[in-house]
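# Close look at the chain arrangement
Listed below, chain by chain, are the residues.
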Amino acid sequence: MLLFPLPHFPRFPIYSCSSSATKRRGTAMAAKLLSRLRQLDTRLISLQHQRPFFRNARLFSGQQIPSSDSHPSLPPTPTPTPLPPPSAGSAGEKRQRTSSLKDHELAKFAAISDTWWDSEGPFKPLHAMNPTRLAFIRSTLCRHFSKDPNVPKPFDGLEIVDVGCGGGILSEPLARLGATVTGVDAVEKNIKIAHLHADLDPTTSTIDYVCTTAEKLVEEGRQFDAVMSLEVIEHVADPAEFCKSLAALTRPGGAVVISTINRSIRAYAAAIVAAEYILHWLPRGTHQWSSFLTPEELVMILKRSSIDVEEMAGFVLNPLTGKWLLSDDVSVNFIAFATKKAEG
Amino acid sequence: MNRLVVRRTLYSNHHQPKCPWKRGFCSGGEAAAAAPASSASSGQLNHIINQKDGSFAGDDQPYDLAIVGGGMVGMALACSLATKPLTKHLKVAIIDSNPALANKLSIKREDPPDPRVSTVTPATISYFQDAGAWQYVQQHRHAFFDKMQVWDYTGLGYTTYDARDVYKDVLGCVVENRVLHSSLLSRIEDTDVQKTIYPSRLASMIRYPSSSVKADDNTREASYIKAGLVKLEMSDGSSLYTKLVVGADGAKSQVRNLAGFKTTGWNYSQNAIICTVEHSVGNHTAWQRFLPGGPIALLPIGDNFSNIVWTMSPKQASDLTVMNEDEFVKAVNQAMDNGYGPHPKSNFSNGSNKFSFLGGNLTMSTNESFEVPPKVVKLASKRAAFPLSLMHANDYVAKRIVLIGDAAHAVHPLAGQGVNLGFGDAFTLSRIIGEGVAVGTDIGEVSLLRKYEAERKPANIAMMAVLDGFQKIYSVDFGPLNVLRAAAFHAANYISPLKRGIISYASGEQRLPIFP
């Protein structure tokens with residue numbers, strides 16, 4: 001009986017540091033990405049029958065995007081809605097799994113969503129990492145939009161959307177820095193919590209929280225100067241489609257910031273074994289190693305959506321001081337700043 | 001789901017000085033079930049809320065910071081925040097009943113010197129220079145000193161420190177407290193920051209918790225608006241709301257009592273007499289002699305004046321305070337010269353000594369001979385005595401509350417470090433608040449304040465330990481211990497790396513005594 005799940009290695013070699021090898025593997029990576037996604041469906045169908053606690057770990061739909069920073073490991077409460085009848089074909093199966101999984105996910109998030117703003121609770125690593133990722137966002141956005149970083153509200157006049165905002169941990173500081181923030185999440189409870197907490201401070205009560213998905217926003221035709229999606233893409237079934245939606249939400253000349261976890265052995269050891277099983281920082285099953293993206297893959301799928309990654313940084317945790325720092329080491333957590341070409 | 005009940009209890013200083021402050025809870029819970037709870041408490045809620053819809057009236061907008069205590073350290077924090085681009089937009093309220101804050105008293109150069117002085121270390125001087133307040137200090141009486149001589153009554157050894165040992169110009173500067181205070185006030189007035197002075201004393205403090213909101217409560221209870229804020233009520237009836245309360249109100253801190261911070265400490269059975277004296281010649285050296293009852297320090301304050309800080313038992317202190325001025329001057333001269341014991345023998349070495357193997361160039365001051373301090377001619381101010389004690393708050397921060405200066409720690413004056421620790425606290429807190437504003441943090445959050453505590457607590461505790469150690473070692477008159485102390489004097493004088501380390505620690509360049 002294994003104490004923790006073995007990493008599901010894709011058939012292709014994974015993380016490579018040499019750039020020439022990366023160039024050769026450029027097309028191989030795209031193919032790898034697609035085949036990885038195809039593999040995922042089949043693998044998880046079989047897993048669902050064998051290992052119950054994996055059932056709720058991944059959402060499949062390209063339409064619905066789960067909330068960010070979710071911890072879907074609490075036992076699901078029974079859902080009242082009936083499952084739709086099974087239809088032929090994998091798309092139909094996906095949708096069926098989507099709705100049943102989604103209700104599970106939503107119920108779980110509802111149960112723990114009260115702890116979003118408890119900085120000692122299950123979201124503690126996120127609160128600890130928040131100032132560090134805000135420092136990166138601040139410096140890259142100020143440089144890109146030519147704003148003076150030495151003022152208290154450098155983002156004055158910028159419209160930013162936080163896709164997968166959860167309880168608003170990122171949205172509130174962005175609003176305090178002067179931006180006009182729209183927070184988007186698929187879980188209604190999260191939006192309610194975020195709304196209530198933001199109303200406590202006049203500067204953050206202007207945040208517009210909406211319970212919707214990135215795709216729906218694209219359908220509404222909304223666009224923003226900067227699109228943030230931190231710690232979301234590793235929970236999404238179709239990262240390529242998700243990136244296309246993010247690109248559509250960005251104005252030409254705007255910025256996209258994505259953060260996620262690298263698919264490397266170190267990340268497996270740190271983010272899954274250490275964080276979930278040894279230190280119990282995150283509930284088990286929060287992350288699937290096979291759904292992590294390497295920096296090269298992220299750059300590739302963003303490029304296919306006409307978004308150019310300009311800067312990337314890693315987060316490292318100093319175990320002695322417990323502080324998160326920005327560094328060049330992207331082997332575990334990393335954040336990428338990208339821009340959309342201006343028109344003309 | 002917790003049912004929270006509003007309990008608005010007023011704690012005043014007279015009744016329960018040590019009672020931990022109670023949180024005022026907001027009536028929350030399910031929307032339907034909130035009706036009975038809120039009706040019971042709505043009477044109380046209504047006079048917290050100023051307007052029907054619960055928002056703040058124009059004058060009552062919540063402050064970002066409330067500094068309780070407008071002394072040197074509180075003003076240093078306000079000045080530092082006011083002069084940095086990232087923090088000058090913060091709305092600051094200062095609560096102090098001292099009329100000198102509201103109507104600034106002007107200090108003239110020819111005024112007689114006030115006996116309350118402080119020695120500011122070079123580190124503090126550079127903080128003041130960064131804030132732009134040092135220029136105002138230079139317009140009043142102040143005295144740099146670059147030499148210091150320390151010896152004791154046994155006559156077995158002495159140490160001379162010189163700023164040139166560490167390739168600097170000064171060891172420190174002695175400035176009157178009121179000069180420091182008015183310089184900070186002048187600097188704040190230069191900048192056009194939003195600050196309001198509440199000329200009264202703090203009476204009570206209520207904190208509203210912010211994380212007890214429930215998701216399915218759709219009605220916006222007006223009390224939620226107060227959540228995440230602290231309400232301060234003053235003794236004259238006014239009140240204000242603020243995101244962060246800074247306790248800078250001195251050793252008997254009201255904020256610390258109301259917030260329930262526990263402290264550790266003990267009384268030294270010593271009182272300190274302070275007064276200003278005059279010489280016939282200028283004095284540019286700091287002198288400190290350890291007597292059996294405690295150290296006596298003679299610090300130059302400029303214009304032939306010096307300040308005396310004499311520590312002794314309470315009985316001796318009261319005797320010396322009441323005796324007539326001539327007797328007192330004689331006692332002081334004796335204490336600095338050959339009362340209680342002989343002069344130490346001067347050291348004569350010709351460039352090298354048996355400790356030069358420890359490396360480093362020999363410091364210039366090793367060759368200095370023993371000097372007798374200048375004679376005191378007359379007393380230039382009243383004598384004042386106050387008791388000495390050690391105090392340290394176990395925590396400096398709680399949610400939305402932080403302590404700086406003497407409110408957090410009180411030390412023995414034997415090394416002139418007390419207010420320098422306080423200034424270190426103030427300028428560090430202002431830097432941390434700036435870092436928090438840079439990434440959009442709510443400045444009252446505990447995680448941000450803990451950064452301040454993690455930086456200042458080890459440094460403060462280390463300094464307190466060193467000073468307490470000195471105080472204890474020098475309060476015992478025991479033969480072998482005297483010889484040990486004399487050996488320590490010699491060691492400090494001859495072992496150059498040690499001397500340099502002592503100087504740089506005492507001048508604030510080095511944060512911790514052992515690991516820099």
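All values reported here derive from a predicted model rather than from experimental measurement.

For chain A, the helix and strand inventory stands at nine helices and eight strands. For chain A, the residues scored as buried account for 55% of the 344 residues in total. Sequence-distant contacts, at least 24 apart, represent 73% of the contacts inside chain A between residues at least 6 apart. Of the accessible surface of chain A, which amounts to about 14,700 Å², a share of 59% is contributed by carbon and sulfur atoms.

Residues and elements named next belong to chain B. Compared with the 20 Å implied by 1.5 Å per residue over 14 residues, the 20 Å span of helix α6 (residues 177-190) between its first and last C-alpha is a close match. With ten of 14 residues buried, α6 is to be regarded as a mostly interior element. For α6, the set of buried residues is Val179, Leu180, His181, Ser182, Ser183, Leu184, Leu185, Ser186, Arg187 and Ile188.

Our next topic: the nonpolar core. If you look at the biggest cluster of nonpolar residues, it comprises 70 residues, and the most contacted ones within it are B:Leu65, B:Leu232 and B:Phe423. Core analysis: the next-biggest nonpolar cluster, separate from the first, contains 33 residues, A:Ala179, A:Tyr209, A:Ala226 and A:Trp324 among them.

Another aspect to go through is the state of the cysteines. Structurally, a disulfide amounts to a covalent bond that connects the sulfur atoms of two cysteines. Overall, the coordinates contain zero disulfides over all chains when judged by the stated rule. In this structure A:Cys211 is not part of a disulfide, and its nearest cysteine sulfur, from A:Cys165, lies 9.2 Å away. On the basis of relative accessibility, which here comes to 32%, the residue A:Cys211 falls in the partly exposed class. No disulfide involves B:Cys79; its nearest neighbouring cysteine sulfur is the one of B:Cys173, lying 17 Å away. You can call B:Cys79 buried: its relative accessible area is 1%.

So, on to the UniProt feature "binding site: Mg(2+)" (unreviewed entry) in chain A. All names here are of chain A. The UniProt feature table records "binding site: Mg(2+)" (unreviewed entry) at Glu231, Glu234 and His235. Position of Glu231 relative to the elements: it lies in the loop between β4 (224-230) and α7 (239-249). Classification of Glu231 by relative accessible area gives buried; the value is 6%. Within the structure, the side chain of Glu231 is placed 2.7 Å from the side chain of Ser259, a separation counted as a polar contact. With respect to the secondary-structure elements, His235 resides in the loop between β4 and α7. Overall, His235 belongs to the buried group, its relative accessible area being 5%.

The residues that UniProt annotates with the feature "domain: FAD-binding" (unreviewed entry) are residues 64-338 and 381-463 of chain B. With 47% helix and 20% strand, residues 381-463 of chain B has its two end C-alpha atoms placed 31 Å apart.

Residue and element names in this part refer to chain B. Applying the stated criterion to the full structure yields 31 salt bridges over all chains. We note a salt bridge from Lys451 to Glu435, for which the minimum N-O separation is 4.0 Å. With Lys451 in helix α12 (residues 446-473) and Glu435 in helix α11 (residues 418-438), the pair connects residues that are 16 residues apart, well separated along the chain. Using a relative accessible area of 35% as the deciding quantity, one classes Glu435 as partly exposed.

What follows is about the sheet that holds strand β5 (residues 250-261) of chain A. Residue and element names in this part refer to chain A. In spatial order, the strands read β3-β2-β1-β4-β5-β8-β6-β7; together these eight strands make up an open sheet with mixed pairing. The two strands at the open ends of the sheet, each matched to only one other strand, are β3 (208-211) and β7 (323-327). Going across the sheet, the axis of each strand differs from the next one's by a mean of 20 degrees, ignoring polarity. The sheet contact formed by β4 and β5 spans six bridges and is parallel. Paired with Ala226 across the two strands is Ala255, which belongs to β5. Sheet strands in contact with α7 are β1 (159-163), β4, β5, β6 (307-318) and β8 (333-340), and its direction is about 145 degrees off that of β5.

Next up on the list: the packing of helix α13 (residues 479-494) of chain B against helix α14 (residues 496-506) of chain B. Residue and element names in this part refer to chain B. Two numbers describe how α13 lies on α14: the axes approach to 5 Å, and their chain directions differ by 90 degrees. When the axis of α13 is compared with that of α14, the two are roughly perpendicular. Contacts between α13 and α14 involve Ala491, Ala492, Asn493 and Tyr494 from the first element and Ser496, Leu498, Lys499 and Ile502 from the second. Residue composition of the contact of α13 with α14, grouped by class: five nonpolar, two polar and one charged.

Our focus in this paragraph is a nonpolar patch on the surface. Residues and elements named next belong to chain A. A contiguous nonpolar patch, built from Ile278, Leu279 and Trp281 and spanning about 310 Å² of accessible area, is present on the exposed surface. Within the secondary structure, Leu279 is located in the loop between α8 (265-278) and α9 (295-304). Here Leu279 falls in the partly exposed class, since its relative accessible area comes to 45%.

Residues and elements named next belong to chain A. When the UniProt feature table is mapped to this numbering, "binding site: S-adenosyl-L-methionine" (unreviewed entry) covers Arg133, Gly164, Asp185 and Leu230. Inspection of the secondary structure assignment puts Asp185 in strand β2 (residues 180-185). Judged by relative accessible area, Asp185 falls into the buried class, the value being 1%. Tracing the sequence through the fold places Leu230 in strand β4.

Definitions and limits used
- Residues numbered from 1 in each chain as written.
- Chains lettered and ligands numbered in written order.
- Predicted model: local features only at pLDDT ≥ 70, side-chain atom pairs only at ≥ 80, totals over all residues.
- Heavy atoms only, no water.
- Helix = DSSP H or I, 4+ residues; strand = E, 2+ residues; numbered from the N terminus.
- Buried < 20%, exposed > 50% of the residue type's maximum accessible area, 1.4 Å probe, protein only.
- Contact = heavy atoms within 4.5 Å.
- Areas by Shrake-Rupley, 256 points an atom, 1.4 Å probe, with all protein chains shown as cover.
- Expected span 1.5 Å × (residues − 1).
- Core = buried A, V, L, I, M, F, W, Y, C linked by side-chain atoms within 4.5 Å.
- Disulfide = S-S within 2.5 Å.
- UniProt positions renumbered as here; feature names shortened; annotations may be inferred.
- Polar contact = N/O pair within 3.5 Å; in protein donor to acceptor, adjacent residues only side chain to side chain.
- Salt bridge = Lys/Arg side-chain N within 4 Å of Asp/Glu carboxyl O.
- Pairing = 2+ DSSP bridges.
- Axes fitted to C-alpha atoms, helices over the stretch in contact; angles between N-to-C directions.
- Parallel < 35°, antiparallel > 145°, perpendicular 65-115°, else oblique.
- Nonpolar A, V, L, I, M, F, W, Y, C, P; charged D, E, K, R; others polar.
- Patch = residues over 30% accessible without salt bridge, like charges linked within 9 Å, V, L, I, M, F, W, Y side chains within 5 Å.

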